[in-house]
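Observations on the three-dimensional arrangement
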Amino acid sequence: MRLPLSTLEVFNAIAREGSMSAAAQALGIKRSTVSHQLKNLEDQLGAALFVRTTRAINLTEAGRALMRASGPAFEQLADGLETARSAGHSARGELKLAAPEFAYQLLLRGKLISFQEKYPEISLELSLTDALSDILHEGLHAGFRLGGLVAQDMIAKPLTPALTSAVVASPAYLERHGAPGHPKDLLNHNCLGYRFQSSGQLAPWAFTGPDGDYAVSAPGSLVANSVPVTIEMAMKGLGIAYTFREICREALERGDLVEILSEHRVAMPGINIYFPQEYRSFIPLRLLIEHLQADETAGQRE
């Protein structure tokens, strides 16, 4: 849809095309509209801008002065309109994302390089935060959250299946201290806690049992606001960590960590990407979502 035409735009079209008929055709409007707009502009200026003959239309001195003054501005305006028209409609531009650290570890860490290799003209800015970011206010395009933690006025698309909790420790720790047989036994172990950056609250250690889900307040000598830190300290034998099983899958497969209390695992929602409705046609964002979904589907098939 065209933006409303200004009298200066009509003037520049006449000067550029050499006639009112050609200007009308170039602008996609009626010749009478061009003539009316030109008359209004000349009336406002109190000077004729063109000398009209049966064969040609030429600029007056006032017209040439206006052309010199307005020409560069209209070139900049045309460039700006073209930039605005194409922004977000091609595989280029800037994509600003907010993600909690676990979403980076689970979803983005292994996929950002392949995305940028595929779309080298899309630049990414990633803000790692567990706060519920105000996407529009903070100038971001999208964020990542667990299933239900998305504002109602946002569009959400699932990127992973449901996640699973895991309690893990190193073989060395378990050899020294023994393995807890029940979540309540964690009270006698060194549990490595996670504190949310935004709220300052300690993340609960949730379990399931015959009576449903419940939480245990697990004491310990270390609290961090970084999941990788608690996992690394658990691998070094400092204590027991509570995390997503998917994050530490490789460490479990290598034997660096051992899962305990697996019969008390809790299912958690998968990760969603969420974004304002205004960005539903934003090509860089759509390409990222497709890339993450395709990789996730491929990973499930393998």
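From a predicted model like this one, the values you see are computed outputs, not experimental measurements.

On average, residues of the protein score 84 in pLDDT, and 86% of them reach the 70 mark or higher. Summarising per-element confidence for the protein, the mean pLDDT is lowest in helix α4 (residues 61-86) (63) and highest in strand β13 (residues 258-260) (98). Segment residues 84-88 is flagged for pLDDT under 50; beyond a separation of four residues in sequence, or across chains, it makes four contacts in the model. Low pLDDT, under 50, characterises residues 297-302; the stretch is placed with one contact to residues that sit more than four places away or in other chains.

Moving on to the pattern of salt bridges. One pass over the full model with this rule turns up seven salt bridges. Salt-bridge contacts for E259 lead to R245; the nearest nitrogen and oxygen are separated by 2.7 Å. Residue E259 is found in strand β13, and its partner R245 is found in the loop between β12 (240-244) and α9 (249-254); the two are separated by 14 residues along the sequence. Residue classification places E259 among the buried positions, given a relative accessible area of 17%. Taking the relative accessible area as the measure of exposure, R245 reaches 23% and is therefore partly exposed. E290 is the partner of R286 in a salt bridge, and the nearest nitrogen-oxygen pair spans 2.8 Å.

Looking only at helix α1 (residues 7-17), the buried set comprises T7, V10, F11, N12, A13 and I14. Among the residues trailing α1, G18 stands out with phi positive, at a value near 90°.

On to the pairing of strand β15 (residues 271-276). The buried count for β15 comes to six of six residues, which makes it a mostly enclosed element. Side chains I271, I273 and F275 project from β15 onto one buried face, and the interleaved N272, Y274 and P276 project onto a second face that is buried too. Taken together, the four bridges between strand β5 (residues 142-146) and β15 define a ladder with antiparallel strand orientation. Along β15, the bridge assignment pairs F144 with I273.

The rules behind each value
- Residues numbered from 1 in each chain as written.
- Predicted model: local features only at pLDDT ≥ 70, side-chain atom pairs only at ≥ 80, totals over all residues.
- Heavy atoms only, no water.
- pLDDT = per-residue confidence, 0-100.
- Helix = DSSP H or I, 4+ residues; strand = E, 2+ residues; numbered from the N terminus.
- Contact = heavy atoms within 4.5 Å.
- Salt bridge = Lys/Arg side-chain N within 4 Å of Asp/Glu carboxyl O.
- Buried < 20%, exposed > 50% of the residue type's maximum accessible area, 1.4 Å probe, protein only.
- Pairing = 2+ DSSP bridges.

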